[in-house]
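Structural characterization, general
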Amino acid sequence: MNIPLLDLKAQFQPLRNEILAVVQTVCDEQGFILGPRVVAFEESVARYIGSRYAIGCASGSDALLLSLMAMGVKAGDEVITIPFTFFATAGAISRLGAKPVFVDIQPDTFNIDPALIERAITPRTKAIIPVHLFGQCADMAAINEIATRKKLYVIEDACQAIGAAQQEQRAGILGDTGCFSFFPSKNLGGFGDGGLITTNDKALADSMAMLRVHGSQVRYLHEVIGFNSRLDALQAAVLQVKLQYLDQWNEGRRRNAERYRQLFARTKQVDCVVLPPTRPGNFHVYNQFTVRVPKRDELRAFLKEKGVGTEVYYPLPMHLQNCYRELGHEKGSFPLSEQAAEEVMSIPIYPELTEAQQGYVVETIAEFYRRD
Ligand SMILES: *Cc1c(COP(=O)(O)O)cnc(C)c1O
């Protein structure tokens, strides 16, 4: 069997005609930058998330950057986030000359540990960026309680969590802004780069809408210094089609996660594999199904030989990256993030995965551990 980590061709095939038709329409219209297709998509996403506003932009990375800019984060400020994330979370902070201040994760959910946030706050702290890693929301009640008391903004990095929810509220309205990515491997993936920010705050929405077009409201008149970060009409048209299927795909991912739980529970020799728990009140959308395993690298090599795709998200935490040497952290600074980086591996969870394929994945893992 050959089971890739993600099979985008399997997702595209049934939608082929529907998507090619809208692409053709956009080509006939020849309107490519923002415009009615982007507005329509923004309105659809706002309705889906339950936010008052949605602002399309060029990527998830820019969604984070635009949020921070609208909140006035600047050189010398500090922003709290986790080291066990994709680079973009920390990178957006650094691009503004602000300092990423890291807080370690909870070992089970891989999300920020709210109990560690307060001691990281200084008079220069402006915001907290919890990451809803792998598709499960961070503990937003605890984070918001601290943020309200300390007068800090909260930016959700929901790039891996479109459709996820906590206490029946969707990711994207659990903080001041919610940042989404339409990178092809996300649960709602475009045909290239794309991103979007949700918010209920009109001032932030207006500011972000202006910042993404060089800080301008009236053409060639610039109120603030912005940059170019727009969602293409072509991407918006494709995403508008795909948005209709998002809930169905997320349900497929959740069904597959349940199947893995059953398969792992009834297979011998796989007790050592730690499956990702869901905290009460969380609706997990499994952008990744990430397990902790002994002998991770040997297991991955074995699975690869047997045709099973895996990936390590993420092998080196931000505080140990060369580009963050000057922050002065060392090995041991954030032990739970470091341990996760050494032990985790993501296995195929995409919606089109079959029960037979999942059985093969689990059986092959069991075969590996039986060998030693
Ligand atoms: C994908 C991702 C981003 C960045 O999204 P891009 O659209 O690739 O710029 C940011 N944060 C996290 C956690 C992500 O997974």
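As the structure is a prediction and not an experimental result, all values here were calculated from the model.

Here we look at the overall build of the protein chain
- Along its length, the protein chain carries 12 helices and 12 strands.
- The C-alpha atoms of the protein chain give a radius of gyration of 21 Å, which matches the 21 Å a tight globule of 372 residues would have.
- Based on the C-alpha atoms only, the size of the protein chain along its principal axes is roughly 70 × 55 × 35 Å.
- Buried positions account for 55% of the 372 residues belonging to the protein chain.
- Of the contacts formed within the protein chain by residues at least 6 apart in sequence, a portion of 71% connects residues at least 24 apart.
- Mean positive and mean negative side-chain charge positions of the protein chain (39 and 42 charges, respectively) differ by 1 Å.

So, the domain arrangement of the protein chain
- For the protein chain, the domain assignment lists domain 1 (8–103 + 112–243) and domain 2 (246–370).
- The distance between the C-alpha centroids of domain 1 and domain 2 comes to 25 Å.
- The interface of domain 1 with domain 2 comprises 36 residues on the first partner and 32 residues on the second.
- Roughly 2900 Å² of surface becomes buried between domain 1 and domain 2 when both sides are summed, with 58% attributable to carbon and sulfur atoms.
- Looking at the side of domain 1 facing domain 2, the largest losses of area belong to F84, F134 and N187, adding up to 27% of the total buried there.
- Linking domain 1 to domain 2 there are one salt bridge.

Observations concerning the pattern of salt bridges
- Scanning the model with the defined rule gives 19 salt bridges in all.
- Across the pair D206 and K202 runs a salt bridge, and its minimum N-O distance is 2.8 Å. One end of the pair, D206, and the other, K202, are both in helix 7 (residues 202–211), four residues apart, so they sit about a helical turn from each other.

Thoughts on the packing of helix 4 (residues 60–70) against helix 7
- For the pair helix 4 and helix 7, the least separation of the axes is 9 Å and the interaxial angle reads 120 degrees. The angle between helix 4 and helix 7 falls in the class oblique. Judged by the twist between their axes, the crossing of helix 4 over helix 7 is right-handed. Residues L66, S67, M69 and A70 of helix 4 form the contact with helix 7, whose participating residues are L204, S207, M208 and L211.
- Here the residues of the contact of helix 4 with helix 7 are counted per class, giving six nonpolar, two polar and no charged.

Brief notes about a nonpolar patch on the surface
- A cluster of nonpolar residues, F32, I33 and L234, forms a patch on the protein surface that exposes about 230 Å² of accessible area.
- Here L234 is to be found in helix 8 (residues 233–243).
- The exposure class assigned to L234 is partly exposed, which follows from its relative accessible area of 30%.

So, helix 8
- The element helix 8 is extensively covered by neighbouring structure, given that nine of its 11 residues are classed as buried.
- Every buried residue belonging to helix 8 is among A233, Q235, A236, A237, V238, L239, V241, K242 and L243, and all of these are buried.
- Looking at the buried residues of helix 8, the elements they touch are helix 1 (8–12), helix 2 (16–29), helix 3 (36–49) and helix 9 (246–265).

Some points on the site of the ligand
- Lining the immediate environment of the ligand, one finds 16 residues, of which G60, S61, D157, S181 and K186 sit closest.
- One of the side-chain nitrogen or oxygen atoms of D157 is found 2.8 Å away from a nitrogen atom of the ligand.
- Its free accessible area being 380 Å², the ligand has 93% of it covered by the protein chains.
- Listed by contribution, the elements that provide at least two residues to the shell around the ligand are helix 4 and helix 5 (87–95).

Description of the packing of aromatic side chains
- Scanning all chains against the criterion turns up 17 aromatic pairs.
- Where F84 meets F134, the ring centres are 6.4 Å apart and the plane angle is 80 degrees; that geometry is what we call edge-to-face. In this pair, F84 is assigned in the loop between strand 2 (78–81) and helix 5 and F134 in the loop between strand 4 (125–128) and helix 6 (140–150), connecting sequence segments 50 residues apart. Each member of the pair F84 and F134 is classed as buried.
- Aromatic side chains F302 and F368 sit 5.6 Å apart centroid to centroid with 50 degrees between the ring planes, which places their arrangement in the tilted category. Remark: F368 occurs in helix 12 (residues 355–371) and F302 occurs in helix 10 (residues 296–305); sequence separation between them is 66 residues.
- With a relative accessible area of 5%, F302 lands in the buried category.
- The rings of F84, F86, F110, F134, Y313 and Y314 are connected pair by pair, giving a single aromatic cluster.
- Directly above the aromatic system of Y48 lies the positively charged group of R170, at a separation of 3.9 Å from the ring centroid.
- The positively charged end of R254 is found above the aromatic ring belonging to F283, 3.8 Å away from the centroid.

Reading guide: rules and limits
Residues numbered from 1 in each chain as written. Predicted model: local features only at pLDDT ≥ 70, side-chain atom pairs only at ≥ 80, totals over all residues. Heavy atoms only, no water. Helix = DSSP H or I, 4+ residues; strand = E, 2+ residues; numbered from the N terminus. Rg over C-alpha atoms; globule rule 2.2 N^0.38 Å. Buried < 20%, exposed > 50% of the residue type's maximum accessible area, 1.4 Å probe, protein only. Contact = heavy atoms within 4.5 Å. Lys, Arg positive; Asp, Glu negative; His and termini not counted. Charge placed at Lys NZ, Arg CZ, Asp CG, Glu CD. Domains from an automatic or database assignment. Buried area = accessible area lost by both parts, 1.4 Å probe. Salt bridge = Lys/Arg side-chain N within 4 Å of Asp/Glu carboxyl O. Axes fitted to C-alpha atoms, helices over the stretch in contact; angles between N-to-C directions. Parallel < 35°, antiparallel > 145°, perpendicular 65-115°, else oblique. Left-handed = near helix turned anticlockwise from the far one by under 90°. Nonpolar A, V, L, I, M, F, W, Y, C, P; charged D, E, K, R; others polar. Patch = residues over 30% accessible without salt bridge, like charges linked within 9 Å, V, L, I, M, F, W, Y side chains within 5 Å. Areas by Shrake-Rupley, 256 points an atom, 1.4 Å probe, with all protein chains shown as cover. Near = heavy atom within 4 Å. Polar contact = N/O pair within 3.5 Å; in protein donor to acceptor, adjacent residues only side chain to side chain. Phe/Tyr/Trp six-rings, centres within 6.5 Å; stacked < 30°, edge-to-face > 60°. Lys NZ or Arg CZ within 6 Å of the ring centre and 35° of its normal.

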